[in-house]
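# Observations on chain architecture
Spelled out, the chains give:
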Amino acid sequence: MKQHLARIALLVRDYDEAIEFFVQKMGFTLLEDTPRSPTKRWVAVAPPGQPECSLLLAKAKDEEQVQYIGKQGGGRVFLFLHTDDIQRDYEQYRAAGVHFEETPRQEAFGTGAIFQDLYGNRWELIERKI
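Residues numbered from 1 in each chain as written. Predicted model: local features only at pLDDT ≥ 70, side-chain atom pairs only at ≥ 80, totals over all residues. Heavy atoms only, no water.

On the basis of which strands lie adjacent, the open sheet formed by 4 strands has the order β1-β4-β3-β2 and mixed pairing. Pairing within the sheet leaves two strands with one partner each, and these edge strands are β1 (7-12) and β2 (29-35). Across the sheet, the axes of successive neighbouring strands diverge by a mean angle of 25°, strand direction being ignored. Note: β1 against strand β4 (residues 54-59), 6 bridges, orientation parallel. Considered in β4, the bridge of Arg7 is made with Ser54. Helix α1 (residues 15-25) rests against β1, β2, β3 (41-46) and β4 of the sheet, and its axis sits at about 10° to β3. (Pairing = 2+ DSSP bridges. Helix = DSSP H or I, 4+ residues; strand = E, 2+ residues; numbered from the N terminus. Axes fitted to C-alpha atoms, helices over the stretch in contact; angles between N-to-C directions. Contact = heavy atoms within 4.5 Å.)

Structure representation (structure tokens):
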């Protein structure tokens, strides 16, 4: 059996503000932006060089879903983004206005730094040891 994750749904408040954050600030690629109805779009973004698994930017459809925007990890780090150069990405993201909770730190696995997306979901940027 062979399987892989294809998409991870991320609740967002607004499609366009989410696209702007991920594409303009984080350098992700906009893979798809297809209208599905007057209020729903199929929007997928992915880090450069990573089209196998993408984020599906899913606009919250009601008040129940709205309460989970920015809280999908329950306060824990929710998503892990690997990089080949953490210092480069850390500096570029900070210059673009991405909020980091810390400076890059050394760990047994490599170097990591926790940041938040525009809604407050916690991510960890990781450069693994070779």
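Here we come to the nonpolar core. Counting residues in hydrophobic clusters, the biggest one holds 28 residues, and the most contacted among them are Phe22, Met26, Phe28, Leu55, Leu57, Phe100 and Trp123. Elements that contribute at least two residues to this core include exactly β1, α1, β3, β4, β5 (77-82), α3 (86-95), β8 (110-116) and β9 (122-128). Counting residues per element, this core draws most heavily on α1, which supplies 5 residues. Mapping this core onto the domain boundaries places at least three of its residues in each of domain 1 (1-69) and domain 2 (73-129). Apart from residues no more than four positions distant in its own chain, Phe28 is found in contact with Phe22, Val23, Val45, Ala46, Pro47, Pro48, Leu55, Leu81, Tyr93 and Trp123. (Core = buried A, V, L, I, M, F, W, Y, C linked by side-chain atoms within 4.5 Å. Buried < 20%, exposed > 50% of the residue type's maximum accessible area, 1.4 Å probe, protein only. Domains from an automatic or database assignment.)

Let us look at the packing of aromatic side chains. Summed over the entire model, instances satisfying the criterion amount to 8 aromatic pairs. A ring pair is formed by Tyr90 and Phe100, whose centres lie 4.7 Å apart and whose planes are at 70°; its orientation type is edge-to-face. Placement of the pair is Tyr90 in helix α3 and Phe100 in strand β6 (residues 99-100), with a sequence separation of 10 residues. In this structure Tyr90 comes out as buried when scored by relative accessible area, which is 7%. A network of ring pairs unites the aromatic residues Phe21, Phe22, Phe28, Tyr90, Tyr93, Phe100, Phe115 and Trp123 as a single cluster. (Phe/Tyr/Trp six-rings, centres within 6.5 Å; stacked < 30°, edge-to-face > 60°.)

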